[in-house]
Amino acid sequence: MTADAYLVIRCDRADQAEFDGRCGTEGSWPVRFEPHTHRELRRLLKGRGWRRTRDGRDHCPNHTQDPAP
């Protein structure tokens, strides 16, 4: 058996419909963890519509156009 580590970034928008009150959308890339970093993953996901706010939160493509709650 083998195990691998993949980076995942979760949307930080509030969503009361989800079990923990946060949006359940996750962004990932089919590449191994090493030597990639979260900074590299965010750069790749930016092309898919993900955005990082000035206060350090990540927003999925569904929430990049919505005004903040």
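About the cut-offs
Residues numbered from 1 in each chain as written. Predicted model: local features only at pLDDT ≥ 70, side-chain atom pairs only at ≥ 80, totals over all residues. Heavy atoms only, no water. Helix = DSSP H or I, 4+ residues; strand = E, 2+ residues; numbered from the N terminus. Buried < 20%, exposed > 50% of the residue type's maximum accessible area, 1.4 Å probe, protein only. Areas by Shrake-Rupley, 256 points an atom, 1.4 Å probe, with all protein chains shown as cover. Polar contact = N/O pair within 3.5 Å; in protein donor to acceptor, adjacent residues only side chain to side chain. Contact = heavy atoms within 4.5 Å. Salt bridge = Lys/Arg side-chain N within 4 Å of Asp/Glu carboxyl O.

## Describing the overall build of the protein
Helix and strand content of the protein: one helix and four strands. Within the protein, buried positions represent 20% of all 69 residues. Here the protein has roughly 5300 Å² of accessible surface; of this, 49% comes from carbon and sulfur atoms.

## Focus on the side chain of Asp58
With respect to the helices and strands, Asp58 occurs in strand β4 (residues 58-59). There is a polar contact of 2.9 Å between the side chain of Asp58 and the side chain of Arg42. One polar contact links Asp58 to Arg52, side chain to side chain, over a distance of 3.3 Å. Among all residues touching Asp58, those that are not within four sequence positions of it are Ile9, Arg10, Cys11, Asp12, Arg13, Arg42, Trp50, Arg51 and Arg52.

## Quick look at the pattern of salt bridges
The final tally for this structure, using the stated rule, is four salt bridges. The shortest N-O distance in the salt bridge between Arg42 and Asp58 comes to 2.9 Å. Of this pair, Arg42 sits in helix α1 (residues 38-46) while Asp58 sits in strand β4; the two residues are 16 residues apart in sequence, bridging distant segments of the chain. Asp58 gets classed as buried once you look at its relative accessible area, which sits at 6%. Members of the salt-bridge network, linked through shared partners, are Arg42, Arg52 and Asp58.

## A look at the environment of Asp15
Among the structural elements, Asp15 can be located in the loop between β1 (8-10) and β2 (26-28). A relative accessible area of 23% means that Asp15 is categorised as partly exposed. Apart from residues lying up to four places away in sequence, Asp15 is in contact with Gly21, Arg22 and Cys23.

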